[in-house]
Amino acid sequence: MLLQPQRTCVSVFALLLLPWLLFLSSVSLASAALVNITVDDYYRDPLTNNTWVVYVPSDVWTRGPCPEGCTGANPEPGRTYFDTWHGNVYNPGNSSLAPYAQFPFEGVGVYVYCVIQTSSSTDLSFFIDNLEVGSYTYRSSGTDGTDTYEYAVPVYVNTSLSPGKHHIEIRNGILGSVTQSLAVLDYIIYTRDTTTEPIPATFTNTLSPSQGGFPQPSVVSNSSGTTGHDIRGSAIAISVAGAIVLTVVIALGHRYWKRYRRSRRPPSQQYLRSVEGGANTATVTRFVGGSPASAASAAAARSSDVQPATGPSEAGPSESPRGPAADQTSPSHPGAGIEEVPR
């Protein structure tokens, strides 16, 4: 079955349009590169350089490491992010307000990592934009006289925030509870969508809030350490090259498909009528010098060789006479019975 011209044009247009639609979608995905920014419990946000974690009340939080030993917990500095942490012990009988740490950020996701001391219990509550969104509870497994720690424990994960500015609050302890709670905050990671929240062009190295000379945090994108701009540029270049190659392949394939379809077309109705001469006219195709004879020679052959029938016809005297049979064609006119059929 032959394709209709209009349907063929629509199909070709759709095939040629497909790679560019894929290109645009890949650019959109590449443009939405997610960048993770890690903020230490003590150092400034490496992206903004003007925000950091604030502890309330400040006098009940202890910054580690502590040369004389920290109250409540004393993990190994080398196993914490930038060798620092902030700890607090919540005692239900001595507190009317749960101590908390808060941090403002602009992003679409946030992760909180703590150090857990296995010989102590921990009760944490999490608030984003003043709404409680989660909690974390750990119960002591007992103690054998030594303190053991679990590092980089994700105590809260939220990957479904709306783009924009937010602030997270981490509260230690539960008001009204009789259980003591130990909180040791190590670092916070927030995810930024560079489509709606691009990385500032003025991004530079950062300084700690009160001291210098320490190793500084940095922006980490995915797991490769590249920025969102690098990812977006590479994805766009690959998408453009792929779209061009796919377009060329489709165009060449369509061209050869048309040739193939043309070669597979059935004979025309005019040709079929010409070879059904057994009932009306008998035509014989002969070739002169390897090519079909002309229509003029065919007409001359018919006028000189074809004789009217001598006998009465079964259909009556008004019926047109039959032509000669194939073996009665005059050999002196090789072009007799030829009809050119356009292909």
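Residues numbered from 1 in each chain as written. Predicted model: local features only at pLDDT ≥ 70, side-chain atom pairs only at ≥ 80, totals over all residues. Heavy atoms only, no water.

## Notes on the overall build of the protein
Broken down by element type, the protein carries four helices and 14 strands. The 343 residues of the protein split such that 35% are buried. By sequence separation, contacts in the protein at least 24 residues apart represent 80% of the contacts at least 6 residues apart. As presented, the protein carries roughly 20400 Å² of accessible surface, and 57% of it is formed by carbon and sulfur atoms. (Helix = DSSP H or I, 4+ residues; strand = E, 2+ residues; numbered from the N terminus. Buried < 20%, exposed > 50% of the residue type's maximum accessible area, 1.4 Å probe, protein only. Contact = heavy atoms within 4.5 Å. Areas by Shrake-Rupley, 256 points an atom, 1.4 Å probe, with all protein chains shown as cover.)

## What about a positive patch on the surface?
A grouping of Arg255, Lys258, Arg259 and Arg262 is seen on the molecular surface, where their side chains present a positively charged patch. For Arg259, the location among the structural elements is in helix α2 (residues 228-263). Arg259 gets classed as partly exposed once you look at its relative accessible area, which sits at 45%. (Patch = residues over 30% accessible without salt bridge, like charges linked within 9 Å, V, L, I, M, F, W, Y side chains within 5 Å. Salt bridge = Lys/Arg side-chain N within 4 Å of Asp/Glu carboxyl O. Lys, Arg positive; Asp, Glu negative; His and termini not counted. Charge placed at Lys NZ, Arg CZ, Asp CG, Glu CD.)

## Examining a nonpolar patch on the surface
Nonpolar side chains collect at one region of the surface, where Ile244, Val248, Leu252 and Tyr256 lie side by side and expose about 390 Å² of accessible area between them. Tracing the chain through its elements places Val248 in helix α2.

## Observations concerning the confidence of the model for the protein
Residues of the protein with pLDDT of at least 70 account for 55%, and the chain-wide mean is 72. A low-confidence stretch, residues 281-291 stays under pLDDT 50, and its non-local contacts, those more than four residues away or across chains, total 20 contacts. Low confidence marks residues 311-343, where pLDDT is under 50. Its contacts with residues over four positions away, or in another chain, come to 47 contacts. (pLDDT = per-residue confidence, 0-100.)

## Description of the sheet that holds strand β2 (residues 54-56)
Read from one edge of the open sheet, five strands run β2-β5-β10-β7-β8, paired in antiparallel fashion. Two strands in the sheet have a free side with no partner beyond their single neighbour: β2 and β8 (131-138). If you compare each strand with its neighbour and ignore which way they point, the axes differ by 20° on average. Bridge analysis of strand β5 (residues 100-106) against strand β10 (residues 165-172) gives seven bridges, and the strand direction is antiparallel. If you follow Tyr100 over to β10, its bridge partner there is Arg171. (Pairing = 2+ DSSP bridges. Axes fitted to C-alpha atoms, helices over the stretch in contact; angles between N-to-C directions.)

## A short note on the packing of aromatic side chains
Scanning the entire structure with this criterion turns up 11 aromatic pairs. With 6.0 Å between their ring centres and 45° between their planes, Phe103 and Tyr190 make a pair best called tilted. Remark: Tyr190 occurs in strand β11 (residues 181-193) and Phe103 occurs in strand β5; sequence separation between them is 87 residues. The exposure class of Phe103 is buried, given its relative accessible area of 0%. For the ring pair Phe105 and Tyr190, a centre distance of 5.6 Å and an interplane angle of 35° mean the geometry is tilted. Within this pair, whereas Phe105 is found in strand β5, its partner Tyr190 is found in strand β11, the two being separated by 85 residues in sequence. Judged on exposure class, the residue Phe105 and its partner Tyr190 are both buried. Put simply, the rings of Tyr42, Tyr43, Tyr81, Phe82, Tyr113 and Tyr187 touch in pairs and so form one group of aromatic residues. Positioned above the aromatic ring of Tyr42 is the side chain of Arg63, whose terminal nitrogen or guanidinium carbon lies 4.2 Å from the ring centre. The positively charged end of Arg171 is found above the aromatic ring belonging to Phe127, 3.9 Å away from the centroid. (Phe/Tyr/Trp six-rings, centres within 6.5 Å; stacked < 30°, edge-to-face > 60°. Lys NZ or Arg CZ within 6 Å of the ring centre and 35° of its normal.)

## Digging into the nonpolar core
With 30 residues, the main nonpolar core has Val110, Val112 and Leu185 as its most contacted residues. Secondary-structure elements contributing two or more residues to this core are β1 (34-40), β5, β6 (109-117), β7 (122-128), β8, β9 (149-158), β10 and β11. When sequence neighbours within four positions are dropped, the list of residues in contact with Val110 reads Phe105, Ile128, Tyr156, Val157, Asn158, Leu161, Ile168, Ile188, Ile189 and Tyr190. Ranked by size, the runner-up nonpolar core spans nine residues in total, among them Cys70, Tyr149, Tyr151 and Val184. (Core = buried A, V, L, I, M, F, W, Y, C linked by side-chain atoms within 4.5 Å.)

## Description of the pattern of salt bridges
Counted under the stated rule, the structure contains three salt bridges. The shortest N-O distance in the salt bridge between Glu106 and Arg192 comes to 3.8 Å. In this pair, Glu106 is assigned in strand β5 and Arg192 in strand β11, connecting sequence segments 86 residues apart. Residues Arg171 and Glu169 are paired through a salt bridge, measuring 2.5 Å at the closest nitrogen-oxygen approach. With a relative accessible area of 31%, Arg171 lands in the partly exposed category. Judged by its relative accessible area of 9%, Glu169 falls in the buried class.

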